[in-house]
Amino acid sequence: MALQYGVIKLFKAYLGVSPGHSSTPPAPGLRSELQSSGVSLTDVPGEKDVADKMLLVDMLSYAFDNKQSSSEEATFSGLTLVLITADPSFSYSLSMLRMRNDHRIALMIPPGNTSCLSLISQATICLECPWDVSAAATVEHQP
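Residues numbered from 1 in each chain as written. Predicted model: local features only at pLDDT ≥ 70, side-chain atom pairs only at ≥ 80, totals over all residues. Heavy atoms only, no water.

A. Highlighting the overall build of the protein. In terms of regular secondary structure, the protein is built from five helices and five strands. Secondary structure elements in the protein, listed N-terminal to C-terminal, are β-α-β-α-α-β-α-β-α-β. Residues counted as buried form 29% of the 143 residues belonging to the protein. A sequence separation of at least 24 residues applies to 60% of the contacts in the protein between residues at least 6 apart. For the protein, the exposed area adds up to about 9,400 Å²; of that, 58% sits on carbon and sulfur atoms. (Helix = DSSP H or I, 4+ residues; strand = E, 2+ residues; numbered from the N terminus. Buried < 20%, exposed > 50% of the residue type's maximum accessible area, 1.4 Å probe, protein only. Contact = heavy atoms within 4.5 Å. Areas by Shrake-Rupley, 256 points an atom, 1.4 Å probe, with all protein chains shown as cover.)

B. A look at the environment of Val-7. Tracing the chain through its elements places Val-7 in the segment before β1 (12-16). Sequence separation between Val-7 and Leu-79 is 72 residues, and the spatial gap between their C-alpha atoms is 9.8 Å.

C. Summary view of the pattern of salt bridges. Inspection of the entire model under this criterion finds three salt bridges. Its salt-bridge partner being Lys-12, residue Asp-58 comes within 2.9 Å of it at the nearest N-O pair. Residue Asp-58 is found in helix α2 (residues 48-65), and its partner Lys-12 is found in strand β1; the two are separated by 46 residues along the sequence. Taking the relative accessible area as the measure of exposure, Asp-58 reaches 26% and is therefore partly exposed. Note on Lys-12: relative accessible area 30%, which makes it partly exposed. Lys-53 serves as the salt-bridge partner of Asp-49, at 3.1 Å between the closest nitrogen and oxygen. (Salt bridge = Lys/Arg side-chain N within 4 Å of Asp/Glu carboxyl O.)

D. Summary view of the state of the cysteines. This structure, assessed with the given rule, holds zero disulfides. Between Cys-116, a free cysteine, and Cys-126, which holds the nearest cysteine sulfur, the sulfur-to-sulfur gap is 6.5 Å. (Disulfide = S-S within 2.5 Å.)

Next up, the structure:
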């Protein structure tokens, strides 16, 4: 999906690491699989709110650091940010990125989720995806 909007330059995931973190720790081997697939993992101390804030700062920093030059604007208008979430608290920041910097926002949400309409309305494109990626079927590698 992301390739139709440009080359993937950065792919980050945020993992809770503290004992009090509300999310389930990743399955054994998942960390290794993500890293070997090119995903940059960010360990997050504390509660979910900390991960949200870290993601938001990283997303805004990346967008501001990667503004298009005037020669690039003729062929490509902005960059594409892909966000996998159903959390409506990201709505305002996505709206500002889309309006101020002409960035395309690709949003991936869990199937059948209607609780994030304000978030969906800020996306350029919204796709439903399997939420539990770790439970998805694995592809066997042929020798």
